[in-house]
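# A structural walkthrough
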Amino acid sequence: MRVMEQHGVTNLEHIFGNVNNQISSVRDAVHEAIKYAILSNAIPPGSRLNERMLAKQMGVSTTPIKEALRRLELEGLVVTHQRKGCFVSTQVMTSLKEITWVRSALEGVSARLAAIKITEQEMNRLTSLIDKMKAATERKDSQELLELNAEFHQRIRQIAKNDYLLQQINAVREYDIFVRNKALIVEEELDVAFNEHYHIYQMIMARDPDRAEEAMVTHIRGTLRRLTGEDSDRSG
């Protein structure tokens, strides 16, 4: 088994260094930081997770570390072996794919509801946002697009006006952030992502719930497929 201490020191310092500066609770910040480190391969599959070392790197006690590892185990990213310790799962990419399928279904329902519920004022705001996304895409401004794309998805969730659905989507938002960060590094993905977002926008503006949902699901699963280079409908 590979040991966490031997891998990605620089990346881990960057990921873990600002935990105490987070606006969210330290508990949530620790959970998100370790999750991102795992998903970004800064802590590779099979690596042993040393609670004391993680606590030292993040400048926190071991209490939020223990809680974060328990949460990550429930999410399928971490496994515990009796008398051996806690390790990063060797099935991380499988977990990422499966959670992305869940997220695509939830976001698809959000787009469906948005197409049904959108008001004239919300249409105008969404149009203004898509215009900004188009301009940023033409400039190849990946940093601005990262923010605008996140706002686009959040705006659709707000238009859907369903608190329960929003809570479920927020529960897997770290995976969304990771996939989007990785995807927008690739310049070719900028045009593809905008075209897919524009299609979602068109279907919502046309008040076509079936096609809005289909466009959103296709977009999210397609992004993961392009990122991994694999068919997103397979778990292997």
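One structure accompanies this document, and this report is about it. (Residues numbered from 1 in each chain as written. Predicted model: local features only at pLDDT ≥ 70, side-chain atom pairs only at ≥ 80, totals over all residues. Heavy atoms only, no water.)

## What about the overall build of the protein?
Along the backbone of the protein there are eleven helices and three strands. Along the chain direction, N to C, the helices and strands of the protein fall in the order α-α-β-α-α-β-β-α-α-α-α-α-α-α. Here the protein, with 236 residues, has 44% of them falling under the buried criterion. Partitioning the contacts of the protein with sequence separation of at least 6, the portion at a separation of at least 24 is 74%. Here the protein has roughly 12,200 Å² of accessible surface; of this, 48% comes from carbon and sulfur atoms. (Helix = DSSP H or I, 4+ residues; strand = E, 2+ residues; numbered from the N terminus. Buried < 20%, exposed > 50% of the residue type's maximum accessible area, 1.4 Å probe, protein only. Contact = heavy atoms within 4.5 Å. Areas by Shrake-Rupley, 256 points an atom, 1.4 Å probe, with all protein chains shown as cover.)

## Structural notes on the packing of aromatic side chains
What the rule picks out here adds up to two aromatic pairs. Ring geometry for Y198 versus Y201: centroids 5.5 Å apart, planes at 40°, classification tilted. With Y198 and Y201 both in helix α10 (residues 187–205) and three residues apart, this pair spans about one turn of that helix. On the basis of relative accessibility, which here comes to 10%, the residue Y201 falls in the buried class. Ring pairing ties together the aromatic residues F194, Y198 and Y201, which thus form one cluster. (Phe/Tyr/Trp six-rings, centres within 6.5 Å; stacked < 30°, edge-to-face > 60°.)

## Topic: the nonpolar core
I34, L49, M58 and I65 are the most contacted members of the largest nonpolar core, which totals 28 residues. Listing elements by their share of this core, those giving two or more residues are α2 (26–39), α3 (51–58), α4 (62–74), β3 (85–88), α5 (92–117) and α9 (173–183). Looking at this core, the element that brings in the most residues is α2, giving six residues. Beyond its immediate chain neighbours, meaning those up to four positions away, I65 contacts V30, I34, E51, L54, A55, M58 and V60. (Core = buried A, V, L, I, M, F, W, Y, C linked by side-chain atoms within 4.5 Å.)

## Structural notes on helix α7 (residues 142–160)
Relative to the 27 Å expected for 19 residues at 1.5 Å per residue, α7 spans 27 Å between its end C-alpha atoms, a close match to the ideal helical length. Within the sequence span of α7, burial applies to L145, L146, L148, N149, F152, H153, R155, I156, R157, I159 and A160. Just past α7, the residue K161 takes up positive phi, approximately 55°. (Expected span 1.5 Å × (residues − 1).)

## Digging into the packing of helix α6 (residues 120–139) against α7
Two numbers describe how α6 lies on α7: the axes approach to 10 Å, and their chain directions differ by 160°. With respect to α7, the axis of α6 lies roughly antiparallel. Judged by the twist between their axes, the crossing of α6 over α7 is left-handed. Contacts between α6 and α7 involve E122, R125, L126, L129, I130, K132, M133, A136, T137 and R139 from the first element and E144, L145, L148, N149, E151, F152, R155 and I159 from the second. Tallied by class, residues from the contact of α6 with α7 come to nine nonpolar, two polar and seven charged. (Axes fitted to C-alpha atoms, helices over the stretch in contact; angles between N-to-C directions. Parallel < 35°, antiparallel > 145°, perpendicular 65-115°, else oblique. Left-handed = near helix turned anticlockwise from the far one by under 90°. Nonpolar A, V, L, I, M, F, W, Y, C, P; charged D, E, K, R; others polar.)

## With respect to the pattern of salt bridges
Throughout the structure, instances matching the rule amount to 14 salt bridges. Note that E107 is salt-bridged to R157, the shortest N-O span being 2.6 Å. Remark: R157 occurs in helix α7 and E107 occurs in helix α5; sequence separation between them is 50 residues. Of the two residues, E107 and R157, both sit in the buried class. With a closest N to O distance of 3.1 Å, E196 and R226 form a salt bridge. Of this pair, E196 sits in helix α10 while R226 is found in helix α11 (residues 209–228), placing the two residues 30 residues apart along the sequence. By relative accessible area, E196 is classed as buried at 18%. (Salt bridge = Lys/Arg side-chain N within 4 Å of Asp/Glu carboxyl O.)

## Describing α3
For the α-helix, the turn length of 3.6 residues means that residues three or four positions removed from each other point alike. Along α3, the residues that are buried comprise L54, A55 and M58. Each buried residue of α3 sits inside an arc of 100° when the element is viewed along its axis, so together they form one side. Facing away from the buried surface of α3 by more than 90 degrees, the exposed residues are R52 and K56. At the N-terminal end of α3, a side-chain oxygen is found 3.0 Å from the backbone nitrogen of R52, two or three residues along, and the residue is N50. Looking at the residues trailing α3, positive phi occurs at G59, about 70°. (Arc of directions from axis to C-beta. Polar contact = N/O pair within 3.5 Å; in protein donor to acceptor, adjacent residues only side chain to side chain.)

## Regarding the side chain of S110
The residue S110 is located in helix α5 in this model. Overall, the relative accessible area of 1% leaves S110 in the buried class. Ignoring anything within four residues of it in the chain, the contact list for S110 reads I156, R157, A160, L165 and I169.

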